[in-house]
Amino acid sequence: FLLHAGYLKACDKEMVGNRYQYNLKIPNREVEVIYENMLKEWFEDEVKAGKLLEEVLNRLLNQDREMFSLLIEELYLKMVSYNDVKLPSVSEEKERQENFHHGFMLGLMMYAEGIFEINSNREYGLGRPDIVLVSKKKDLAYVFEFKWGATKASKSLEKLTELAEVQIREEKYIEGVKASTGVKEVVGIGIGFRGKELKISYI
């Protein structure tokens, strides 16, 4: 596409088998400047995202619940596309959200693997919480449970978050983490998701 659009040009033709192969190069300085600007913007966006991720995890480590919630919401607004979580069918959209949000949050938590042991869908208590973080110092742990709703579904963010809280309590996730790890301070975090919106509560 870039070749036919004129943003690359073919050179150094060579016959390989019964086909010609070419090297590609940037055709002129003007196009080179376009590429430079695109890469610069991309790396600047990546650096900004990295700083935001670092700040999110610092707030979690310092148990600054209010700022952690605000920064997670900001992270979603900046980094998540509407197309990542929206589908015409309510059932398909819910399934996509379940896969996407779990993967997104797990990927985020992986940035803290130097400080926490990270478990996904591992058995604790009477069930399998979505994500459990256990401090390698064994002084703090977090239990995350997620609930998803399609954008056109009837359940509100508040109701979804409440359902996550109920599951943490009824499945005895906090008690299970304490019993399995010996950690005395375990915080439950319920998160409800609808599209790019979310709501967080703490137990």
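Preceding this paragraph is the structure being described.
Bear in mind the structure is a predicted one, so any value in this text is a computation, not a measurement. (Residues numbered from 1 in each chain as written. Predicted model: local features only at pLDDT ≥ 70, side-chain atom pairs only at ≥ 80, totals over all residues. Heavy atoms only, no water.)

Peer 1: Any chance you could explain helix 3 (residues 65-79) here in plain terms?
Peer 2: The periodicity of an α-helix, 3.6 residues per turn, causes residues three or four places apart in sequence to face the same way. For helix 3, spanning 15 residues, the distance from its first C-alpha to its last is 21 Å, which sits close to the expected 21 Å at 1.5 Å a residue. All of the buried residues in helix 3 are Phe-68, Ser-69, Leu-71, Ile-72, Leu-75 and Tyr-76. (Helix = DSSP H or I, 4+ residues; strand = E, 2+ residues; numbered from the N terminus. Expected span 1.5 Å × (residues − 1). Buried < 20%, exposed > 50% of the residue type's maximum accessible area, 1.4 Å probe, protein only.)

Peer 1: Would you take a moment to explain unusual backbone geometry for this structure?
Peer 2: For residues that are not glycine, phi is negative in most cases, and the peptide bond is trans in most cases. In the Ramachandran plot, Asn-121 falls in the positive-phi region, its phi being about 60° despite a non-glycine side chain. Note on placement: Asn-121 falls in the loop between strand 3 (116-120) and strand 4 (131-135). Of the residues examined, Asn-121 reaches a relative accessible area of 36% and is grouped as partly exposed. Of note in this structure, Lys-138 is not a glycine but carries a positive phi near 60°. Topologically, Lys-138 is positioned in the loop between strand 4 and strand 5 (141-149). Accessibility expressed as a relative area gives 41% for Lys-138, which makes it partly exposed.

Peer 1: Looking at this model, I keep getting lost on the pairing of strand 7 (residues 197-202). Mind explaining?
Peer 2: For a regular strand, side-chain orientation follows a simple rule: the groups alternate between the two sheet faces. Where strand 6 (residues 186-194) lies against strand 7, six bridges are found, and the strand directions are antiparallel. When the bridges of strand 7 are listed, Arg-194 appears paired with Glu-197. Adjacent in sequence and paired antiparallel, strand 6 and strand 7 are bridged by two residues, among which Gly-195 carries a positive phi angle near 60°. (Pairing = 2+ DSSP bridges.)

Peer 1: Even after reading the chapter, I still don't get the sheet that holds strand 3, so can you show me in this structure?
Peer 2: Sheets are built from strands that pair by backbone hydrogen bonding, the pairs being arranged parallel or antiparallel. Spatial strand order, 3-4-5-6-7: five strands in an open sheet with mixed pairing. Strands at the two margins of the open sheet, each flanked by one partner only, are strand 3 and strand 7. Within this sheet the neighbouring strands show an average axis-to-axis angle of 20°, counted without direction. Relative to strand 6, strand 5 runs parallel, the two sharing nine bridges. Each residue of the ladder has a partner; that of Ala-141, found in strand 6, is Val-186. Across the sheet, helix 6 (residues 157-170) is in contact with strand 5, strand 6 and strand 7; its angle to strand 6 comes to roughly 145°. (Axes fitted to C-alpha atoms, helices over the stretch in contact; angles between N-to-C directions. Contact = heavy atoms within 4.5 Å.)

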